[in-house]
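# Fold and contact review
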Amino acid sequence: MTDNTSSPSDEAVQNATLQKAVIVGIQPGQSPRVIQEASRFARLLRVPLVVVHVDVTRFVTYEDPDGYVHSAPIDINFDAGTAEFEAVQAEAAQALDGTGLTWTARQLVGDPALAIKALANKLDAQLIVVGTRKRGIGESIREFFTGSVAARLAHRQHRSVLVVPLEEPVPDSQPEIWTE
């Protein structure tokens, strides 16, 4: 089921049981299609599923030799990432209930592509699954400054990255992908 890693030794023990896992990056309210595709591949590969949420309001301050990550908030609002992680855990539990799949949830911090890459290296993950971004001007601006998480993952590590469409495809007759 799920965990909320609380100490370095707990994380090291759990990482040993999650080797070769499928990792799926999830945001609250995201299409359930992303986690469904990730769970399908985890079942096909007969490996655990690691559901991750990256708290971009915190940054890594340092990492212990055993891999435990210490972080600090960017903002004084300490609870922003906690609420999002709880929402992700609830959505994952609902989507994965009754599947018989071994899974856990992890909260990472910092840059999403780098955080997911680091976890994938620790677990020697077989596959990383992410969703496409939502259409809209706000997301276009964010992606302009930070880049696509999927594209950055695909270019910065050696594992396969499955990108799951979140919305209906844009028709070929529509010249602009993001119309808002």
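Each remark here, short or long, concerns the structure printed above.
Residues numbered from 1 in each chain as written. Predicted model: local features only at pLDDT ≥ 70, side-chain atom pairs only at ≥ 80, totals over all residues. Heavy atoms only, no water.

### Notes on the overall build of the protein chain
In terms of helices and strands, the protein chain carries 6 helices and 7 strands. Starting at the N terminus, the α and β elements of the protein chain follow one another as α-β-α-β-β-β-α-β-α-β-α-α-β. For the protein chain, the proportion of its 180 residues judged to be buried stands at 36%. The contacts in the protein chain between residues at least 6 apart in sequence include a share of 75% that link residues at least 24 apart. For the protein chain, the exposed area adds up to about 10200 Å²; of that, 55% sits on carbon and sulfur atoms. (Helix = DSSP H or I, 4+ residues; strand = E, 2+ residues; numbered from the N terminus. Buried < 20%, exposed > 50% of the residue type's maximum accessible area, 1.4 Å probe, protein only. Contact = heavy atoms within 4.5 Å. Areas by Shrake-Rupley, 256 points an atom, 1.4 Å probe, with all protein chains shown as cover.)

### Quick look at the packing of helix α4 (residues 112-123) against helix α6 (residues 149-156)
For the pair α4 and α6, interaxial distance at closest approach is 9 Å and the crossing angle is 45°. With respect to their mutual orientation, α4 and α6 come out oblique. Relative to α6, the crossing made by α4 is right-handed. Note on element contacts: α6 touches α4 through Val-149, Arg-152, Leu-153 and Arg-156, opposite Pro-112, Ala-113, Leu-114, Ile-116 and Lys-117. Its residues assigned to classes, the contact of α4 with α6 shows 6 nonpolar, no polar and 3 charged. (Axes fitted to C-alpha atoms, helices over the stretch in contact; angles between N-to-C directions. Parallel < 35°, antiparallel > 145°, perpendicular 65-115°, else oblique. Left-handed = near helix turned anticlockwise from the far one by under 90°. Nonpolar A, V, L, I, M, F, W, Y, C, P; charged D, E, K, R; others polar.)

Function-wise, these values are silent; they only describe arrangement.
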